[in-house]
Amino acid sequence: MKKNVILIVALLLASSLSMRAMTEREALVAIYKALNGPEWEADDAKGWNTNAPIKEWKDVTTDATGEHVEALQLRADDIKGYLPAAIGELKSLKYLKLRYKDREADAAQCIPAEVWTLPELVDIDVYIAGKGTYTLPKEINCPKLNTIKVNKLQGPFDVLLTLPKLVEVCFEDVNGDMPENIGELTKLRRLTWKSGNDPTKRIPASLGKCSMLESLILDNSTFTKAHVGNIEFPAEVWDLTNLKYLFLRNIADKPSTIPADKVAKMTRLENVILCRVSLEGNIPAEFFSTGNMKQFDVYENFITGSIPKELGNCIKLTTVQPNNNNLTGSIPEELGNCPKLRNLNLSKNPDLGGKVPESFVNCPDLAIFKVDGTQIDSNVSEPLKAHPKFS
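Residues numbered from 1 in each chain as written. Predicted model: local features only at pLDDT ≥ 70, side-chain atom pairs only at ≥ 80, totals over all residues. Heavy atoms only, no water.

Trainee: Would you take a moment to explain the layout of surface pockets for this structure?
Mentor: When its volume is computed, the largest pocket comes out at roughly 240 Å³. The wall of the largest pocket is formed by 19 residues, among which Gly176, Asp177, Trp193, Pro199 and Asn220 lie closest to the centre. Mapped onto the lining of the largest pocket, the elements with two or more residues apiece are strand S9 (190–195) and strand S10 (215–220). Per-element accounting of the lining of the largest pocket gives the leading share, 3 residues, to S10. Of the residues belonging to the lining of the largest pocket, the class tally is 8 nonpolar, 6 polar and 5 charged. (1 Å grid on protein atoms, 1.4 Å probe; cavity = no way out; pocket = protein on both sides within 12 Å on 5 of 7 lines; lining within 4 Å. Points joined across faces, edges and corners; volume = space filled by probe spheres on them. Helix = DSSP H or I, 4+ residues; strand = E, 2+ residues; numbered from the N terminus. Nonpolar A, V, L, I, M, F, W, Y, C, P; charged D, E, K, R; others polar.)

In structure tokens, the structure reads:
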């Protein structure tokens, strides 16, 4: 009888030990081993898998007690393998940054399901250099999540609409369309959506409801069907009056014009890059009325008219690239009021002419000046010959 009791107690004890939750130290060790930790460079592995307090382990940040992990950065060059399910034991984790530099890594295995159940997770940033694609789960149970940056993604992406606290979404190398109801994410301040594929449809009109957006980057790196008039420009962009940074490339091929009256209300703009989006008509002077513009690139469109003299209001301006358009007139003398100007590309505007303004002597940093494919006179005035670019 005693032997039976002892056996039962032993079994119960073994069972309780096997059911014991993994400690956060044990979880970190499991992560270290799963990601090829023993082969990391010494500096990347500092403290890992030792008796040192976990708050002393490289790129591990804990709370005040030193017991609970709040931030984890995994970015060693020698990371191989995949993040294990043990990541789910870091219940206090708020920030996760992971860099898979292994080009043989399978993207589909790079983020385990347990990541999307972390109750305190605020910010996730994962870069994958490997092969294939990763698909977001149908459910994400991270109620505090406000920033998500992941590449090599495969749609669908409607799960984003269940995360109302999102402030930043940065998706690169995306295969799939933006959710039609993206406008439900009314707290978004930064949206990056980059795809290597031709767009299949217009950017959703609901994007115009994301009124808090400060940065908008929509980029299809290729557009093999350019200029056939199938995809409309997302006119709702001109309603985003809080924007500071606007980058649109290869997202539309149906001609459209820029509405000056709406641009006049976009008073916070500092960087505007509108490339290969089939814009036509004039460049509104309203872009430059506040003097805040730092970069203005509208290359490879069908823009006509003259270069606005109001560009001279922008003393912080460094880059102007309206090349590959149909501009006319000459270079405005007022551009010489931009002392930080470094890059001016006017090439391939066949009807653009006149002389190089003498006022460019006031632009000492001007290093790139392209006028090939124009009628601009290459002979410069004597004072301008003292400028390094024109000497």
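Picking up where we left off.
Trainee: In this structure, what is going on with the pattern of salt bridges? I would like to understand it.
Mentor: Any two side chains of opposite charge can pair, on the condition that their charged atoms come close. Under the counting rule described, the total for this entry stands at 23 salt bridges. Measuring nitrogen to oxygen at the nearest pair gives 4.0 Å for the salt bridge that ties aspartate 102 to lysine 80. Taken as a pair, aspartate 102 in the loop between strand S3 (95–100) and strand S4 (123–128) and lysine 80 in the loop between strand S2 (69–74) and S3 lie far apart in primary sequence, 22 residues in all. Classification of lysine 80 as partly exposed rests on a relative accessible area of 44%. The closest approach of N and O atoms between lysine 385 and glutamate 382, which form a salt bridge, is 2.9 Å. (Salt bridge = Lys/Arg side-chain N within 4 Å of Asp/Glu carboxyl O. Buried < 20%, exposed > 50% of the residue type's maximum accessible area, 1.4 Å probe, protein only.)

Trainee: Is there a simple way to explain the nonpolar core in this structure?
Mentor: Within soluble globular proteins, side chains that are nonpolar tend to cluster in buried spots. Counting 110 residues, the largest nonpolar core has Leu72, Leu216, Phe287 and Phe360 as its most contacted members. The element best represented in this core is helix H2 (residues 24–34), accounting for 5 residues. Non-local contacts of leucine 72, meaning those with residues more than four positions away in its chain, are made with Leu28, Ile31, Trp48, Asp59, Val60, Ile87, Leu90, Leu93, Tyr95, Leu96 and Lys97. (Core = buried A, V, L, I, M, F, W, Y, C linked by side-chain atoms within 4.5 Å. Contact = heavy atoms within 4.5 Å.)

Trainee: Please explain H2 as it appears in this structure.
Mentor: Helical geometry: 3.6 residues make up each α-helical turn, so side chains three or four residues apart lie on a common side. Where H2 is concerned, the buried positions are Glu24, Ala27, Leu28, Val29, Ile31 and Tyr32. Along its buried surface, H2 packs onto strand S1 (60–62) and S2. Positive phi shows up at asparagine 36, right after H2, with a value of about 70°.

Trainee: What am I meant to see in the packing of aromatic side chains here?
Mentor: Each aromatic ring pair is specified by the distance between its two centres and by the angle formed by the two planes. Scanning all chains against the criterion turns up 15 aromatic pairs. Taken together, a centroid distance of 6.0 Å and an interplanar angle of 85° make the contact between phenylalanine 360 and phenylalanine 369 edge-to-face. Of the residues examined, phenylalanine 360 reaches a relative accessible area of 0% and is grouped as buried. Counting every residue linked through ring pairs, the aromatic cluster contains Phe233, Trp238, Phe287, Phe288 and Phe296. (Phe/Tyr/Trp six-rings, centres within 6.5 Å; stacked < 30°, edge-to-face > 60°.)

Trainee: Would you mind showing me how to read the side chain of aspartate 219 here?
Mentor: Examined against the element boundaries, aspartate 219 turns out to sit in strand S10. For aspartate 219, a relative accessible area of 5% translates into the label buried. Among the polar contacts listed, one links the side chain of aspartate 219 to the side chain of arginine 249, at a separation of 2.7 Å. (Polar contact = N/O pair within 3.5 Å; in protein donor to acceptor, adjacent residues only side chain to side chain.)

Trainee: For this particular structure, what's the right way to read empty space enclosed by the protein?
Mentor: Gaps left between atoms show up when a probe the size of a water molecule is rolled over them. Evaluation of the coordinates by the stated rule reveals 2 cavities of 30 Å³ or more. Approximately 60 Å³ is the volume attributed to the largest cavity. Broken down by class, the residue content of the lining of the largest cavity amounts to 4 nonpolar, 1 polar and 4 charged. The volume enclosed by the second largest cavity comes to roughly 30 Å³. Lining the second largest cavity, in full, are Val263, Ala264, Met266, Thr267, Leu269, Glu286, Phe287, Ser289 and Thr290. Its residues assigned to classes, the lining of the second largest cavity comprises 5 nonpolar, 3 polar and 1 charged.

Trainee: Where do I start with unusual backbone geometry in this structure?
Mentor: Peptide bonds are mostly trans, and most non-glycine residues show a negative phi. Cis geometry marks the peptide bond from glycine 155 to proline 156; its omega dihedral reads 10°. Mapped onto the secondary structure, proline 156 falls in the loop between strand S7 (153–154) and strand S8 (168–174). Of note, asparagine 324 is a non-glycine position whose phi angle comes to about 60°, a positive value. The backbone of lysine 348 sits at a positive phi, close to 60°, despite the residue not being glycine. Mapping lysine 348 onto the fold places it in the loop between strand S18 (343–345) and strand S19 (351–353).

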